[in-house]
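Residue-level structural notes
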Amino acid sequence: MDTRGEVLFMLAQLRLATSRQLKALLLPHPQDTDHVRRALRNLLAETPALVGRTNRAQQSYW
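Nothing here was measured: the structure is a model prediction, and the numbers come from that model.

1. Examining the pattern of salt bridges
Following the criterion strictly, the structure yields 1 salt bridge and no others. A salt bridge links Glu 46 to Arg 4; the shortest N-O distance between them is 2.7 Å. Remark: Arg 4 occurs in helix H1 (residues 3-14) and Glu 46 occurs in the loop between helix H3 (34-45) and strand E1 (54-56); sequence separation between them is 42 residues. Looking at Arg 4, the relative accessible area reads 27%, which means it is partly exposed.

2. Description of the nonpolar core
Residues Val 7, Leu 11, Leu 22, Val 36 and Leu 40 are the most contacted members of the largest nonpolar core, which totals 13 residues. For this core, the elements supplying multiple residues, two or more each, are H1, helix H2 (19-26) and H3. In terms of residue count, H3 provides more of this core than any other element does, 4 residues in total. The residues touching Leu 22, leaving out its near neighbours within four places in the chain, are Val 7, Met 10, Leu 11, Leu 14, Ala 17, Leu 27, Val 36 and Leu 40.

3. Considerations on the side chain of Thr 18
Of note, Thr 18 is situated in the loop between H1 and H2. You can call Thr 18 buried: its relative accessible area is 6%. Setting aside residues no more than four positions away along its own chain, Thr 18 makes contact with Gln 59, Ser 60 and Tyr 61.

4. Some remarks on the environment of Ala 17
Secondary-structure assignment places Ala 17 in the loop between H1 and H2. Note: C-alpha distance between Ala 17 and Trp 62 (45 residues apart in sequence) is 5.5 Å. Here Ala 17 is in contact with Leu 11, Leu 22, Ser 60, Tyr 61 and Trp 62, once residues within four sequence places are set aside.

5. Remarks on the confidence of the model for the protein chain
The predicted model of the protein chain averages 81 in pLDDT, with 92% of residues at 70 or higher. Within the protein chain, no element has a lower average pLDDT than strand E2 (residues 59-61), which sits at 80, and none a higher one than H3, at 85.

Rules behind the numbers
Residues numbered from 1 in each chain as written. Predicted model: local features only at pLDDT ≥ 70, side-chain atom pairs only at ≥ 80, totals over all residues. Heavy atoms only, no water. Salt bridge = Lys/Arg side-chain N within 4 Å of Asp/Glu carboxyl O. Helix = DSSP H or I, 4+ residues; strand = E, 2+ residues; numbered from the N terminus. Buried < 20%, exposed > 50% of the residue type's maximum accessible area, 1.4 Å probe, protein only. Core = buried A, V, L, I, M, F, W, Y, C linked by side-chain atoms within 4.5 Å. Contact = heavy atoms within 4.5 Å. pLDDT = per-residue confidence, 0-100.

Okay, here's the thing in structure tokens:
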């Protein structure tokens, strides 16, 4: 499964998570969150959007 699919699968289970939390679950080895953030932006750009985003306390939640 690609990162995009893994992110969507994980969000379907969790319902709400930050990109940092998703990265910790999906990419346990030290790595930047760019892969996860790129997948989230890609899912948000779908028509209709497959994920949503809200900002609270200077943190984005998906």
